[in-house]
Amino acid sequence: MKKRIYLNFLGLILLCSLLLSVSVGGIMYYVIINQEKAAIKDRAALTADLLNRGVEFSERHFTDYINHNPEAARLTVIARDGTVLLDSKAAAASMENHGDRIEFIQALQTGHGESSRYSGTLGASTYFYAIRLNDGNVLRVSMTMNSIAGALPAVLTAMAAVAVLVLLIANSVARRLTRNILRPLSEIDFDGGNAAIYDELIPYAKKIDQQKREIDAQIVALKNRADTIEAITGNMKEGIILIDKNGTVLIANKSAEDVFGDMPRKNILHICRDIDFGQCVRQCLSGTGAEIEFEQGGKVYSVYFSPVRAGETLNGGVILLFDITARYETEKQRREFSANVSHELKTPLTSISALAEMIENGMAKAEDVRGFAEKISVQASRLISIIEDIIRLSEFDEGKIIREYSEFDLCELSDSVAGILRGKANEKRVTVNVTGGGLRVTANRRMIDELLYNLIDNAIKYNKENGEVSVSLSMENGFAKIAVTDTGIGIASEHHSRVFERFYRADKSRSKRTGGTGLGLSIVKHIAEHHGGRVELESAEGAGTTVICWIAALRA
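What counts and how
- Residues numbered from 1 in each chain as written.
- Predicted model: local features only at pLDDT ≥ 70, side-chain atom pairs only at ≥ 80, totals over all residues.
- Heavy atoms only, no water.
- Axes fitted to C-alpha atoms, helices over the stretch in contact; angles between N-to-C directions.
- Helix = DSSP H or I, 4+ residues; strand = E, 2+ residues; numbered from the N terminus.
- Left-handed = near helix turned anticlockwise from the far one by under 90°.
- Contact = heavy atoms within 4.5 Å.
- Nonpolar A, V, L, I, M, F, W, Y, C, P; charged D, E, K, R; others polar.
- Disulfide = S-S within 2.5 Å.
- Buried < 20%, exposed > 50% of the residue type's maximum accessible area, 1.4 Å probe, protein only.
- Polar contact = N/O pair within 3.5 Å; in protein donor to acceptor, adjacent residues only side chain to side chain.
- Pairing = 2+ DSSP bridges.
- Phe/Tyr/Trp six-rings, centres within 6.5 Å; stacked < 30°, edge-to-face > 60°.
- Lys NZ or Arg CZ within 6 Å of the ring centre and 35° of its normal.

So, about the packing of helix H13 (residues 445-461) against helix H15 (residues 520-530). Closest axis-to-axis distance for the H13/H15 pair is 9 Å, and the angle between their directions is 145°. For the element pair H13 and H15, the recorded crossing hand is left-handed. Judged by residue contacts, Met-447, Ile-448, Glu-450, Leu-451, Asn-454, Leu-455 and Asn-458 of H13 engage Gly-520, Leu-521, Ile-523, Val-524, Ile-527, Ala-528 and His-530 from H15. For the contact of H13 with H15, the residue count by class is nine nonpolar, four polar and one charged.

Written out as structure tokens, the structure is:
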């Protein structure tokens, strides 16, 4: 823009200078011509006056004073019939008749005449002025234009010098004008006042300022929206990956990068080499959605592939990853639980059904019926125990346990439970000791009773002969601590993380011999958590086991 304005100003100044020079030159030329013509007319009038006064000129006088200078004025006397009588440039006898000359004809008619034409005699353009004398002859004075134009070179030289000066001045003026015109535009302050701006541009400046403010507001809104989207996607547990139509990752949130690592500007097919995953990516980029479950880094994900279109054009795709590991494990546990429940229920039911069938068909002797009935009763009791434990766990899962808290002495309850199981302990020659006294808590007495029963029962069941079970009660940091320690077979470290799962047995053969259902420790864990506590396990194979329960519900 600056260059264009500068060139326009320079061109305008030069054009004006050229037009001015041509105009001045033309005027000067016109003035000089008119001055020369006036001089010729004055000379002709003076000579005519002399001739009219009677001064005689003969051919001898004209011939003696012939002036061969082509730039000098030429005097010619012409008779009425056009015959040249006298001439200052040539012999009159040698000249042709001038009766057809325009200036001669005008002089005869009006007393004077003039014309300009090319003269073959002089070889130049000539101005002619004629006056009719008193005797009827015509005096003509002429002069070539070359002599008149002779004054122009000096004038043109001066004009050229002036033109160069004008060019230099024009260059300086054009630069200054350009700078002065653009300065207010370059110094526009849209955030402040515009006092220096042209009045004609103020509406445009206000419009631009308004648009600038709108654009700034839109930028802020877009940035806020981008920050909001980034904050949302960045804190989402679900992984989000946006890919272009070539499979290149454009955007990936933190959850997705936790699965695949750093991804932007990499091809998703190079990041994940899973065959099914790659096939779904290709299907998505062909315009069809897909869904799979796949395992990555020890976790299970449900992945959804959705194509992204702009009208009819496919621009890429969105990949959503949902961590379903917990659900997958829960489903796995549910299947295992169902299988274990079926197995645990099937065993006593099979025994009951077989014994009952033998009695019904008379296959049992009369003396054996009582023994069969006792076995049926034992298996029925075992079946009822399993069902009760399953119902109890279901209540915990569904959150249907009612908060029936009451205050009681934990030591007295522990002594009571130990007393109930002391007969079973005596059969294995295992001693049970309860330490700690005067410990009153507010909790669900029935649940704590069940917790103590399961812990002490397991400690007796999996103990060695002549072993010992210690129940230690104490208060630590606002929690009631129940620690049950046995001197039994212990639990290998690889089973520690699973012993509180339903139906899990570290030693399946021994559990079957002891009649365990595999639900006791799971119930203990749920009771402790129901009371805001937790369960800890300390055990080593062959070195005994200690189960510690922390109960937080100490106030009603």
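A few words now on the state of the cysteines. Per the stated rule, a full pass over the model turns up zero disulfides. Between Cys-284, a cysteine without a disulfide, and Cys-280, which holds the nearest cysteine sulfur, the sulfur-to-sulfur distance is 9.1 Å. Residue Cys-284 is classed as buried on the basis of its relative accessible area of 1%.

The subject of this paragraph is the side chain of Asn-444. By the secondary structure assignment, Asn-444 is in the loop between strand S13 (440-443) and H13. In this structure Asn-444 comes out as buried when scored by relative accessible area, which is 2%. Polar side-chain contacts of Asn-444 include one of 3.2 Å to the backbone nitrogen of Arg-446. At a separation of 3.1 Å, a polar atom in the side chain of Asn-444 contacts the main-chain amide nitrogen of Met-447.

Turning our eyes to something else, we now look at the environment of Gly-533. Structurally, Gly-533 is set in the loop between H15 and strand S16 (534-539). A sequence separation of 18 residues divides Gly-533 from Ile-551, and the C-alpha atoms of the two residues are 4.8 Å apart. With sequence-adjacent residues up to four places away left out, Gly-533 is seen in contact with Phe-479, Ala-528, Trp-550 and Ala-552.

Another aspect to go through is the pairing of strand S2 (residues 84-87). When strand S1 (residues 74-78) meets S2, the two strands line up antiparallel, connected through three bridges. Its bridge partner lying in S2, Val-77 is registered against Leu-86. Between S1 and S2, which pair antiparallel one after the other, the connecting turn spans five residues, and Gly-82 there sits at a positive phi close to 95°.

If you trace the backbone, Glu-427 turns up in helix H12 (residues 410-427). Here the alpha-carbon distance between Glu-427 and Ile-460, two residues 33 residues apart in the chain, equals 9.9 Å.

Throughout the structure, instances matching the rule amount to six aromatic pairs. Aromatic pair Phe-277 and Phe-294: ring centres 5.3 Å apart, planes at 50°, arrangement tilted. A residue pair is termed long-range when its members are at least 10 positions apart, and Phe-277 in helix H9 (residues 275-285) and Phe-294 in strand S8 (residues 290-296) qualify at 17 residues. Take Phe-277 and Phe-294: they sit in the same class, and that class is buried. With centroids separated by 6.2 Å and ring planes inclined at 35°, the aromatic side chains of Phe-294 and Tyr-301 adopt a geometry described as tilted. Considered together, Phe-294 and Tyr-301 belong to a single accessibility category, that of buried residues. One aromatic cluster in this structure is built from Phe-260, Phe-277, Phe-294, Tyr-301 and Phe-305. Taking NZ or CZ as reference, Arg-117 lies 4.1 Å from the ring centre of Phe-128, over its face.

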